[in-house]
Amino acid sequence: MSHSPKPEAGGGLPVVQYWLEKSLSPQGLKLWQTLNHKSACLSCAWGTGGQQGGFVNEAGEYLQRCAKSVEAIASELQPPLAANFFEQYSIQELQQLNSQQCDRLGRLSYPLLLKAGDSHYKRITWEQVYQIADKAFRQPPEKVASYSSGRSSNEAAYLLQLMMRALGSNNLADCSDLCHAASTVGLKQVFGSGTSMVSLESLKHADCVVLVGSNAPANHPRLMNELIKLRERNGKIIIINPQIEVGLVKFASPAFPIKYLLTGGSDISTFYLQPIPGSDTALFVGIQKSLIEQNLIKPDYLQAYTTGWQEVIKYAQQTSWETITSTCGISHEEITAVAYTIGKSERVVFAWAMGITQHRNGVDNVKSIANTALLTGNAGKLGSGTMPIRGHSNVQGFGSMGVTIRLREEIKQALSQLLGHPLNDTKGYDARALIDAAEAGKINSLLCLGGNFYAANPDLHQAQTALGKIKTIFYVATKPNLGHFHGLAAENTLILPVYNRFENSHKTTTESGNNFVRLNNEGKSHLQSNNSDLISEVELITKIAHRLHGETPINWRKLQDTSYVRQLIAKTIPGYGKIGEIDATQQEFTIDGRIFTEPKFPTPDGKAQLSVTPLPELHIPPISDFNISPPSQGIVVILGTGRSYGQHNTVVYRTEDKYRGMPHRHCILLNPQDIKKAGFEEHQRVKVRGDGGELENIEIISGAIREGVAFMFYPEANVLFKAEIDPRCGTPAYKRVPVLVYR
Ligand SMILES: Nc1nc2c(c(=O)[nH]1)N[C@H]1C(S)=C(S)[C@@H](COP(=O)(O)OP(=O)(O)OC[C@H]3O[C@@H](n4cnc5c(=O)[nH]c(N)nc54)[C@H](O)[C@@H]3O)O[C@H]1N2
Ligand SMILES: Nc1nc2c(c(=O)[nH]1)N[C@H]1C(S)=C(S)[C@@H](COP(=O)(O)OP(=O)(O)OC[C@H]3O[C@@H](n4cnc5c(=O)[nH]c(N)nc54)[C@H](O)[C@@H]3O)O[C@H]1N2
Ligand code: SF4
Ligand SMILES: [Mo]
């Protein structure tokens, strides 16, 4: 196999080429029409789309769609699977497909049922679906659960939780449990609000951004425009990431004049720190210690607007430099320089993604960042604050709508009133707890509103066994994925096809990671033919609920009208009052009470609450822990799993990752020193073993990653490990997995 050179900047010509390729394809016209449709981008939560057409961001700026958005739409515009497809292929055959092959089968367009013992999925009618649902949901409420992924609308999300809570079940697991739950829990403790406090407008006033554990060039490409503009106004960017992501060093954005593309892109990072994975709390305590030593903290601000700061300062002072630097692997000098830059900047935004949350101490990671923001007076001021960069395009909306096991008291009260009885008080299962409960035989019925619950979890063997003990599983989806063929229920597995956001015949709304609510217009689907039989998610949920609950105390039939759902949202969801008028005014809005430009926070005393974040104790297990006779060549490394720019979560669009020089999905990125130390060579094939399983025939790729650290793609890597869990938020440590690489 030939190896093309790695690009020297993120974005750039590969992205432009992709655009051209897709827009000149036979789908091109429909693609452009869809891009211009007034609806939020399907892909990430940066929230492009809306207002004057599909290309405009929240600040009204044009040309804000990235290649990922095109990719997501192109995939939804695929033709439907043939009418006899599932008669032709048995489940055993379908299980041979990889993620990309599943997605390329085409759009789902009729309901399907696989009964235990059957060899083929069979087409059924919606009436049959509702009969199965009727039985499946009439169970003790603790045995009924849902899982959801953040692509559906606010309206569908709201109805999902309302139906579940009306049944008495709080088992509302969600993909955010595997994603930003640590941010929600951590920020809530500190600021009383679990989302970003920075609007897109506010970000434009920052003079320093600290970007931690995020590969934004691949995963939130339009955030890069803001970073380019920040550098142009002489702002500073501090990157914290064990891996050098080329686009964080230099990025060529197609939204900027062609000269940037041709000159190789704009500089992004002012500083690039490569800490030991899972050690960010130690690094931030180090930054705090240095800020204190350099006299760069803001005692007046702390005194006036915060509590708990004395303990945090004391802890930083008492922790030795030796402990800090040996835990995080960053030198005192580098920490001093970065602390100086933060301390001397006027308006600092601290942004982060999965490199922070997917750890055993994810909540502490988040809190250590929030503490640092507070010590320097960078919260509650235009151009500053904490900004978790959310994943799925409407994942945050799901949380706002009450799809969570940590329901806000105000919503609980409002829903009790709406339903005419107090809500059940049991805690409910989050995503990991749901897998454990299913494995223990405690779940009878599961409704998956989108997503890929099977492949998103660690320990795929466990996920498969656990799902296999659930009697009935409903997979509501737009396209087939691995979960539909591997996550089979004990009795009935159903795949239910639905329209996506730009196809629904009604209006819907979504919420971006910057707390901005978008209105998505009615659309059309290319799937409306004689042989297709799709419905909307709203219709599906309301019909199931109507059979279960009838018309009291809420008229579920009437809830098929999404403007009526928005009325209920306006009444019951804090900050969402304006959604009640959106049908009349078409006015998209920022949710009340989320963006802080003054240091007053929604905590009981109005002050931000700092508390000590203990340094993690990080261990690397010896080879002998891997239950294997000593291999001839081998090295234990800390594996971080994540995404390429050519995939969206468990859905793979393209096999190679050009930016990291990984030609296919079965690669492990290692530091050149580690390759040498273990006596390996680049491109050699090895085995990778974790505490959950092993992968063979993995190609070694040499990359700019910290010594002792490795990177592989998910979902493939999810067979390898069981994952530790942060007990405070339930999120698995996907970013710190000890593995043995051997031969
Ligand atoms: N193209 C594309 N876009 C996406 C997605 C996608 O799959 N594909 N998924 C969407 C979703 S749901 C999400 S949640 C986001 C994910 O967006 P990101 O969080 O940016 O994605 P990841 O690939 O999980 O990893 C983030 C980075 O964390 C770094 N990292 C790993 N361990 C550590 C650590 O211990 N400390 C620090 N500081 N950094 C570390 C990795 O090197 C990597 O660069 O993207 C969204 N957007
Ligand atoms: N090892 C490892 N594992 C991880 C992660 C990691 O970094 N490393 N990241 C975790 C994170 S951050 C996340 S968010 C999860 C993602 O977990 P999920 O959200 O569960 O998975 P996705 O792959 O995003 O789900 C894709 C499927 O959603 C369906 N879909 C798409 N659009 C729609 C729609 O409009 N409606 C409906 N009903 N269905 C739709 C399609 O059928 C598609 O196949 O994975 C987690 N797992
Ligand atoms: S940055 Fe995110 S929201 Fe914006 S166009 Fe790209 S994928 Fe869509
Ligand atoms: Mo995510």
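It should be noted that the structure appears before, not after, this text.
Conventions used here
- Residues numbered from 1 in each chain as written.
- Chains lettered and ligands numbered in written order.
- Predicted model: local features only at pLDDT ≥ 70, side-chain atom pairs only at ≥ 80, totals over all residues.
- Heavy atoms only, no water.
- Helix = DSSP H or I, 4+ residues; strand = E, 2+ residues; numbered from the N terminus.
- Contact = heavy atoms within 4.5 Å.
- Areas by Shrake-Rupley, 256 points an atom, 1.4 Å probe, with all protein chains shown as cover.
- Lys, Arg positive; Asp, Glu negative; His and termini not counted.
- Charge placed at Lys NZ, Arg CZ, Asp CG, Glu CD.
- Near = heavy atom within 4 Å.
- Nonpolar A, V, L, I, M, F, W, Y, C, P; charged D, E, K, R; others polar.
- Buried < 20%, exposed > 50% of the residue type's maximum accessible area, 1.4 Å probe, protein only.
- Polar contact = N/O pair within 3.5 Å; in protein donor to acceptor, adjacent residues only side chain to side chain.
- Salt bridge = Lys/Arg side-chain N within 4 Å of Asp/Glu carboxyl O.
- Core = buried A, V, L, I, M, F, W, Y, C linked by side-chain atoms within 4.5 Å.
- Axes fitted to C-alpha atoms, helices over the stretch in contact; angles between N-to-C directions.
- Parallel < 35°, antiparallel > 145°, perpendicular 65-115°, else oblique.
- Left-handed = near helix turned anticlockwise from the far one by under 90°.

Asker: Would you take a moment to explain the overall build of the protein for this structure?
Answerer: Counting secondary structure elements, the protein contains 31 helices and 28 strands. Dimensions along the principal axes, computed over C-alpha positions, put the protein at roughly 70 × 60 × 55 Å. A sequence separation of at least 24 residues applies to 77% of the contacts in the protein between residues at least 6 apart. Total accessible area on the protein is roughly 26100 Å²; 51% of this is exposed by carbon and sulfur atoms. Each charge sign in the protein was given a centre, from 73 positive and 68 negative side chains, and these centres are 2 Å apart.

Asker: Any chance you could explain the site of ligand 3 here in plain terms?
Answerer: Around ligand 3 sit 13 residues, and of these Cys41, Cys44, Gly47, Thr48 and Cys66 come closest. Its residues assigned to classes, the shell around ligand 3 comprises five nonpolar, five polar and three charged.

Asker: Can you help me understand helix H3 (residues 67-76) in this one?
Answerer: Structurally, the α-helix is built with 3.6 residues per turn, so residues lying three or four positions apart point the same way. The buried fraction of H3 amounts to 10 of the 10 residues, a majority that puts the element mostly inside the structure. All of the buried residues in H3 are Ala67, Lys68, Ser69, Val70, Glu71, Ala72, Ile73, Ala74, Ser75 and Glu76.

Asker: What exactly am I supposed to notice about the site of ligand 1 here?
Answerer: Surveying the vicinity of ligand 1 reveals 31 residues, the closest of which are Asn241, Glu245, Arg643, Gln647 and Asn649. Taking Lys68, its side chain carries an N or O atom lying 2.9 Å from a nitrogen atom of ligand 1. Take Gly213: an N or O atom from its main chain is 3.4 Å from a nitrogen atom of ligand 1. Relative to its unbound accessible area of 910 Å², ligand 1 is 98% covered by the protein chains. Secondary structure elements with two or more residues in the shell around ligand 1: helix H11 (216-219), helix H20 (354-357) and strand S22 (647-648).

Asker: Got a minute to help me understand the pattern of salt bridges in this structure?
Answerer: All told, the structure shown has 35 salt bridges when counted by the stated rule. With a shortest N-O distance of 3.9 Å, Arg360 and Glu724 are connected by a salt bridge. Remark: Glu724 occurs in the loop between strand S27 (709-713) and strand S28 (737-742) and Arg360 occurs in the loop between H20 and helix H21 (362-375); sequence separation between them is 364 residues. Arg360 gets classed as partly exposed once you look at its relative accessible area, which sits at 44%.

Asker: I keep staring at the nonpolar core and nothing clicks. Help me out?
Answerer: In terms of nonpolar packing, the biggest core is built from 78 residues, with Phe191, Leu203, Val210, Leu211, Ile287 and Met387 touching the most fellow members. Counting residues in each nonpolar core, the second largest holds 66 residues, with Cys102, Phe453, Ala466 and Phe485 among its members.

Asker: Got a minute to help me understand the packing of helix H15 (residues 280-293) against H21 in this structure?
Answerer: To characterise two packed helices, one gives the angle between the axes of the helices and the distance between these axes. Two numbers describe how H15 lies on H21: the axes approach to 8 Å, and their chain directions differ by 15°. Our classification of the angle between H15 and H21 gives roughly parallel. In this structure, H15 meets H21 at a crossing whose hand is left-handed. Residues Asp280, Thr281, Phe284, Ile287, Gln288 and Leu291 of H15 form the contact with H21, whose participating residues are Asp364, Asn365, Ser368, Ile369, Asn371, Thr372 and Leu375. When its residues are assigned to classes, the contact of H15 with H21 shows five nonpolar, six polar and two charged.

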